[in-house]
Amino acid sequence: MYDQELIAQAQALLELCRQRKLKIATAESCTGGLVAATLTEIAGSSDVVERGFVTYSNEAKQAMLGVPATTLASHGAVSAETAQAMATGALAHAPVDLTVSITGIAGPGGAVAGKPVGLVHLAAASRRGQLIHHERRYGDIGRAQVRHASVIEALAMLRELAEKEQLD
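Being a predicted model, the structure only gives us computed values, none of them experimental.

Draft legend 1. Representation of the pattern of salt bridges in the model. For the coordinates displayed, the defined rule picks out 8 salt bridges. Here Arg128 and Glu165 are joined by a salt bridge, their closest N and O atoms 3.3 Å apart. With Arg128 in the loop between strand S4 (119-126) and strand S5 (131-137) and Glu165 in the segment after helix H6 (143-164), this residue pair connects regions lying 37 residues apart in the sequence. Looking at Glu165, the relative accessible area reads 5%, which means it is buried.

Draft legend 2. A look at the nonpolar core. Among the nonpolar cores identified, the biggest contains 34 residues, and Cys17, Val35, Leu39, Leu98 and Leu155 are the most heavily contacted of them. For this core, the secondary structure elements donating two or more residues are helix H1 (4-20), helix H2 (34-40), strand S3 (98-104), S4 and H6. Per-element accounting of this core gives the leading share, 10 residues, to H6. Ignoring anything within four residues of it in the chain, the contact list for Leu39 reads Ala10, Leu13, Leu14, Ser45, Val49 and Leu155. Phe53, Met86, Val96 and Ala123 belong to the second-largest nonpolar core, a separate cluster that totals 16 residues.

Draft legend 3. Region of the structure containing the environment of Val100. Relative to the helices and strands, Val100 resides in strand S3. Along the sequence, Val100 and Val48 sit 52 residues apart, while their C-alpha atoms lie 14 Å from each other. With residues near it in sequence (within four places) discarded, Val100 still touches Ala25, Thr26, Ala27, Val35, Ala123, Ala124, Ala154 and Leu158.

Draft legend 4. Quick peek at unusual backbone geometry. That bond from Gly107 to Pro108 is cis: its omega, 5 degrees, falls within 30 degrees of zero. Mapped onto the elements, Pro108 comes out in the loop between S3 and S4. One non-glycine residue, Lys21, adopts positive backbone phi at about 55 degrees. By the secondary structure assignment, Lys21 is in the loop between H1 and strand S1 (24-28). A relative accessible area of 71% places Lys21 in the exposed class.

Quick notes on the rules
Residue positions are given per chain, counting from 1 as you read along its sequence in written order. Residue-level local features of this predicted model are given only where pLDDT is at least 70; pairs of side-chain atoms are given and counted only at 80 or more, and the full residue set underlies all totals for whole chains, interfaces and linings. To get the side-chain values, take all heavy atoms of the structure and skip hydrogens and water. In what follows, salt bridge is the name for a side-chain nitrogen of Lys or Arg lying within 4 Å of a carboxyl oxygen of Asp or Glu. Per the convention used, a helix needs a DSSP run of H or I reaching at least four residues, while a strand needs a run of E reaching at least two, with both numbered from the N terminus. Throughout this description, buried means an accessible area under 20% of the type-specific maximum (1.4 Å probe, protein chains only), exposed means over 50%, and partly exposed covers the range between. Take the buried residues of types Ala, Val, Leu, Ile, Met, Phe, Trp, Tyr and Cys, join any two whose side-chain atoms come within 4.5 Å, and each joined set is a nonpolar core. Contacts are assigned to residue pairs that have any heavy atoms within 4.5 Å of one another.

Listed below in C-alpha cells is the structure:
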C-alpha cells in the first residue's frame, strides 16, 4: 500500500501544511481511512493531521458529518453532492483548515445503474471557502487499486487547496 510515490506525496503535503500552519481532517467511505493512515504513517504527522472520519454507512455520514438525509436519498452515497457534504461536514465537525472526502464503489460488487464499479467522488474543502470536486471513473481495476488511486487523488486535492491558502 505504501509505495514510494504515495509516501513522497504524503510527506510533501505534510511539509507544505506545516509551513502554512494548516490542519487536516479526512472524511472517508470507500477508502476506509486509508488517506488518514497514509498521512499518519509518517512520523511527526500529528502536527498536521487532526482527525479522520470513517463514514462507511449512510447513517455514519449523517451522524458524524451532518450529511443531510435528503442529499443521500436524492443523489445517493456515491455522488458529487454527498462528497461535497462530507467535506464541508468534516470542516464543521473538526477544528481544521482543510478536509478531503471520498465516496465511491471500490468493488467488486456494489454497482448500480449509472454508477459502475470504480466510480469515485472526491471533494476537498477549506475553512476559507474553497470547495473542489473530482469525479473519477477508474473502472473495474480491482478493489485495492481503486482505493490506492483514490488516496493518491485525495492527497493531490489537499495539496491543491493548501497551495492556494494564504500565509498569515
